[in-house]
Amino acid sequence: MMGVDSIYRSEALVIDDLDRQIIDQLRVDGRRSFAEIGRTVGLSEASVRARYQRLQRKGVLQVVGMTDAVRMGEMEVHLAVRVHHIPVALVARELSRMPEVRYVASCVGPYDLIVDVRCRDLEHLAELLTERVRRVNGVAHAEALTVLEVIKDSYLWAGFREVPVRPGERIIPT
């Protein structure tokens, strides 16, 4: 039987300081060109492109547009889920198939899974919880925590600056 570790853990990938600098540049502006990133971190455009493609291929990096659910009139909800009598990985896989589900993570503590979902409104959330999430085989308890306002949403590596970096300026971890 396949456990959570074998589903979610891939082969180890070495991420060096240059990879982290490239990732940080993309976190500040995901549309920044490889040439501009290269000038900032001290690499050629081709080297940045090759590193980017390696990180993307290994599933470490994905550049996407992010939206604020509350500002868009949607509900963002964190679900804390307890699983009983079947492997957590099976429940995680089933929840991951739902289009409203944005994030699924196994965890330790009083809950087995943390699941982030987006719903159009309260009616949609009620339907999702009662008709689908709670009916997944193995879900013993699902607790919903609704996001009222996002106070901080940071995607920068610890120690890196949160202000935009100008071309030619280097990011130096502290």
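Please refer to the structure placed before this passage.
This report concerns the structure included in the present document.

What counts, and where the lines are drawn
- Residues numbered from 1 in each chain as written.
- Predicted model: local features only at pLDDT ≥ 70, side-chain atom pairs only at ≥ 80, totals over all residues.
- Heavy atoms only, no water.
- Buried < 20%, exposed > 50% of the residue type's maximum accessible area, 1.4 Å probe, protein only.
- Helix = DSSP H or I, 4+ residues; strand = E, 2+ residues; numbered from the N terminus.
- Pairing = 2+ DSSP bridges.
- Core = buried A, V, L, I, M, F, W, Y, C linked by side-chain atoms within 4.5 Å.
- Contact = heavy atoms within 4.5 Å.
- Polar contact = N/O pair within 3.5 Å; in protein donor to acceptor, adjacent residues only side chain to side chain.
- Phe/Tyr/Trp six-rings, centres within 6.5 Å; stacked < 30°, edge-to-face > 60°.
- Axes fitted to C-alpha atoms, helices over the stretch in contact; angles between N-to-C directions.

1. Observations regarding the pairing of strand β3 (residues 113–119)
Line of reasoning, step 1. Counting buried positions over the seven residues of β3 gives six, a clear majority of the element.
Line of reasoning, step 2. Where strand β1 (residues 75–83) lies against β3, seven bridges are found, and the strand directions are antiparallel. Considered in β3, the bridge of M75 is made with C119.
Line of reasoning, step 3. Bridge count for strand β2 (residues 101–106) against β3 is five bridges, and the pairing is antiparallel. Across the sheet, S106 pairs through a bridge with L113, a residue of β3.
Line of reasoning, step 4. Connecting β2 to the antiparallel partner β3 that follows it, the hairpin turn spans six residues, and G109 within it adopts a positive phi of roughly 115°.

2. Things to note about the nonpolar core
Line of reasoning, step 1. Counting 23 residues, the largest nonpolar core has L79, V81, L95, L113, V115, V117 and V133 as the members making the most contacts within it.
Line of reasoning, step 2. Every element with two or more residues in this core is listed here: β1, α5 (88–96), β2, β3, α6 (122–132) and β4 (139–146).
Line of reasoning, step 3. Dropping the residues within four chain positions of it, V117 is found in contact with M75, E76, V77, L79, E100, V101, R102 and L128.
Line of reasoning, step 4. Counting ten residues, the second largest nonpolar core, distinct from the first, contains L26, I37, Y52 and L55.

3. Thoughts on the side chain of H124
Line of reasoning, step 1. In this fold, H124 is placed in helix α6.
Line of reasoning, step 2. What makes H124 buried here is its relative accessible area of 8%.
Line of reasoning, step 3. Reaching out from H124, the side chain makes a polar contact with the backbone nitrogen of R120 at a distance of 2.9 Å.
Line of reasoning, step 4. Those residues in contact with H124 that lie beyond four places of it in its chain are E100, R118, C119 and R132.

4. Focus on the packing of aromatic side chains
Line of reasoning, step 1. For the coordinates displayed, the defined rule picks out one aromatic pair.
Line of reasoning, step 2. Between F34 and Y52, the ring centres sit 5.1 Å apart and the planes meet at 50°, which makes this aromatic pair tilted. Residue F34 is located in helix α3 (residues 34–41), and its partner Y52 is located in helix α4 (residues 45–57); the two are separated by 18 residues in the primary sequence.

5. Here's the deal with the environment of R49
Line of reasoning, step 1. By the element assignment, R49 lies in helix α4.
Line of reasoning, step 2. With 27 residues separating them along the chain, R49 and I22 place their C-alpha atoms 9.8 Å apart.

6. Re the sheet that holds β3
Line of reasoning, step 1. The strand order across the open sheet built from four strands is β2-β3-β1-β4, with neighbouring strands paired in antiparallel fashion. The sheet terminates laterally at β2 and β4, the two strands that pair on one side only. Within this sheet the neighbouring strands show an average axis-to-axis angle of 20°, counted without direction.
Line of reasoning, step 2. Relative to β4, β1 is paired through seven bridges, and the arrangement is antiparallel. Bridge assignment links H78 to a residue of β4, and that residue is L145.
Line of reasoning, step 3. Where α5 meets the sheet, its contacts fall on β1, β2, β3 and β4, and the angle it forms with β3 comes to roughly 10°.
Line of reasoning, step 4. Relative to the sheet, α6 contacts β1, β3 and β4, its axis offset from that of β3 by approximately 140°.

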